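# A closer look at the structure
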Amino acid sequence: MKEGELRAVDGLSYSVKQGECVALVGESACGKSVSALSIMRLIPYPPGITVGGEIFFEGRDILKVSEEEMRQIRGGRIAMIFQEPMTSLNPVLSINRQICESLKLHLCMDNASADKEVVNLLKLVGIPDAESRVNDYPHQFSGGMQQRIMIAMALSCKPSLIIADEPTTSVDVTVQAQLLDLINDLRAKLNTAVIIITHNLGIVARYADSVNVMYAGRLVEKGPTNALYEEPRHPYTIGLIASVPRLDLPRKKSLSVIDGFPPDLARLSSAMCAFSPRCKIAIDRCKHERPELEMVGKDHYAACFRNSEINQLAEVS
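These lines cover the structure that appears in this document, whether it is placed above or below. Predicted, not measured: the structure shown is a model, and the values here were computed from it.

### Focus: the pairing of strand β8 (residues 218–224)
Along a regular strand, successive side chains alternate from one face of the sheet to the other. Along β8, 5 of the 7 residues are buried, which leaves the element largely enclosed by surrounding structure. Between strand β7 (residues 210–215) and β8, which pair antiparallel in sequence order, lie 2 residues; one of them, Ala216, sits at a positive phi of approximately 55°. Pairing between β8 and strand β10 (residues 300–302): 2 bridges, direction antiparallel. From the neighbouring strand, Glu221 faces β10, where its bridge partner is Ala302.

Structure, rendered in structure tokens:
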């Protein structure tokens, strides 16, 4: 591949209010996790680099603050729950030591106070027998318990914003519900803003206040959850919703799929709709011009030239 700029995230813009849960939805490699790492300023360099844009948090553009200031924000005011807890937790350090590190760094706690707070945090996220397990190591916990520990670490400094990147990837369905209910309850209790990154539309429908749908690094639709589910205005969103298995349909009915594959971002033209090669209702204009987000309802935006007629067209197709 020729050297050049590959835009993993391109022109993404959305806001999160205090106490609100906002979802980022899309297929793998659409830019969801990269956008979250950009907020935390954790994009590895090389090869990644932020070439432009602004990220405002509590009135400040955090792309312009010093690395020392960013270390105070990261983990203190903004926390992240990573996708794979076993690769995020240090295997040679006890759980107590790993959580204590944030408490001492950001809250300036002494050893005794930090140790006590770690036990309280483990109890808060539902770790049984927290007093005796606080000095255990990550491998001594199940996947679900490890994810609870990650949530405890994220909550340790009472951040204003929590970014949950596929927080239920490594656990079974029952534990998924428990973890998501836990995050939601803590959000309500602490009035913390949450960005949840997922491809699971069932999670979005139950927990998110608003949804941002991403495709090929760009935002193709955003709006309140109810509006987006009741009247999606982009063919990609319609395809995602239709692909969710439903128990109320006949058993022999085939699962709906979105034909084709995500585009190669290195070869993607900026003068076209990235979804057009996979879109059943694409017109010639879609192949020569890139649609921008436009309002289609109250706080509801879609980037599709045919958004006004899309529901009738989807039914016909």
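Next comes the rest of the description.
### A closer look at the pairing of strand β4 (residues 78–81)
Along β4, one buried face is formed by Ile78 and Met80 and the opposite face, lined by Ala79 and Ile81, is buried too. The sheet contact formed by β4 and strand β5 (residues 161–165) spans 4 bridges and is parallel. Looking at the pairing, Met80 lines up with Ile163 of β5.

### Quick word on the pattern of salt bridges
In this structure the tally under the stated criterion is 18 salt bridges. We note a salt bridge from Glu58 to Arg77, for which the minimum N-O separation is 2.8 Å. Here Arg77 lies in the loop between α2 (67–73) and β4 and Glu58 lies in the loop between β2 (56–57) and β3 (60–61), a separation of 19 residues in the sequence. The exposure class of Arg77 is partly exposed, given its relative accessible area of 32%. Notably, a salt bridge pairs Glu67 with Arg74, separated by 3.5 Å at the nearest N-O pair. Through salt bridges with shared partners, a single ionic network connects Arg7, Asp10, Arg218, Arg290 and Glu292.

### A short note on the side chain of His300
Looking at where His300 falls in the secondary structure, it is placed in strand β10. Only 2.6 Å separates the side chain of His300 from the side chain of Glu221, close enough to count as a polar contact. Contacts of His300, omitting those with residues within four sequence positions, involve Glu221, Lys222, Gly223, Pro224, Ala227, Leu228, Glu231, Arg233, Glu294 and Met295.

### Considering helix α8 (residues 173–190)
For α8, which comprises 18 residues, the first-to-last C-alpha distance of 26 Å matches the rise-based estimate of 26 Å (1.5 Å per residue) to within 8%. By the burial criterion, the buried members of α8 are Val175, Gln176, Leu179, Leu180, Leu182, Ile183, Leu186 and Arg187. Axial view of α8: buried residues confined to an arc of 150°, hence all on one face. Along α8, the residues that are exposed and aim more than 90 degrees away from the buried face are Val173, Thr174, Asp185, Ala188 and Lys189. Of the residues trailing α8, Asn191 is marked for its positive phi of about 55°.

### Notes on the packing of aromatic side chains
Summed over all chains, the structure comprises 3 aromatic pairs. Geometrically, the ring pair formed by Tyr215 and Phe275 is edge-to-face, given 5.2 Å between the ring centres and 85° between the ring planes. In this pair, Tyr215 is assigned in strand β7 and Phe275 in the loop between α11 (235–242) and β9 (294–297), connecting sequence segments 60 residues apart. By the burial criterion, Tyr215 is buried, and Phe275 matches it. The cationic tip of Arg133 hangs over the ring face of Phe141; the distance from NZ or CZ to the ring centre is 4.0 Å. One residue, Lys222, lies across the ring of Tyr301, its end atom 5.5 Å from the ring centre.

### Quick word on the packing of helix α4 (residues 95–107) against helix α5 (residues 111–124)
Where α4 contacts α5, the two axes come as close as 9 Å, and the packing angle between them is 115°. In terms of their interaxial angle, α4 and α5 are classed as roughly perpendicular. For the crossing formed where α4 meets α5, the hand is right-handed. In this structure, α4 uses Ile95, Asn96, Ile99, Cys100, Leu103 and Lys104 to contact α5, whose residues at the interface are Asn111, Ala114, Asp115, Glu117, Val118, Leu121 and Leu122.

### Points about empty space enclosed by the protein
Taken as a whole and assessed by the stated rule, the structure comprises 5 cavities of 30 Å³ or more. Each pocket or cavity is described by its volume, and for the largest cavity that value is around 110 Å³. Taken together, Tyr215, Arg218, Leu219, Val220, His234, Met272, Cys273, Ala274, Phe275, Arg290, Pro291 and Ala303 make up the full set of residues lining the largest cavity. In terms of residue count, β8 provides more of the lining of the largest cavity than any other element does, 3 residues in total. Residue classes in the lining of the largest cavity are distributed as 9 nonpolar, 1 polar and 2 charged. When its volume is computed, the second largest cavity comes out at roughly 70 Å³. Forming the boundary of the second largest cavity are Pro235, Cys273, Phe275, Ser276, Cys279, Ile281, Ala282, Cys286, Pro291, Cys304, Phe305 and Arg306. A breakdown of the residues in the lining of the second largest cavity according to their chemical character gives 10 nonpolar, 1 polar and 1 charged.

Conventions adopted
Residues numbered from 1 in each chain as written. Predicted model: local features only at pLDDT ≥ 70, side-chain atom pairs only at ≥ 80, totals over all residues. Heavy atoms only, no water. Buried < 20%, exposed > 50% of the residue type's maximum accessible area, 1.4 Å probe, protein only. Helix = DSSP H or I, 4+ residues; strand = E, 2+ residues; numbered from the N terminus. Pairing = 2+ DSSP bridges. Salt bridge = Lys/Arg side-chain N within 4 Å of Asp/Glu carboxyl O. Polar contact = N/O pair within 3.5 Å; in protein donor to acceptor, adjacent residues only side chain to side chain. Contact = heavy atoms within 4.5 Å. Expected span 1.5 Å × (residues − 1). Arc of directions from axis to C-beta. Phe/Tyr/Trp six-rings, centres within 6.5 Å; stacked < 30°, edge-to-face > 60°. Lys NZ or Arg CZ within 6 Å of the ring centre and 35° of its normal. Axes fitted to C-alpha atoms, helices over the stretch in contact; angles between N-to-C directions. Parallel < 35°, antiparallel > 145°, perpendicular 65-115°, else oblique. Left-handed = near helix turned anticlockwise from the far one by under 90°. 1 Å grid on protein atoms, 1.4 Å probe; cavity = no way out; pocket = protein on both sides within 12 Å on 5 of 7 lines; lining within 4 Å. Points joined across faces, edges and corners; volume = space filled by probe spheres on them. Nonpolar A, V, L, I, M, F, W, Y, C, P; charged D, E, K, R; others polar.

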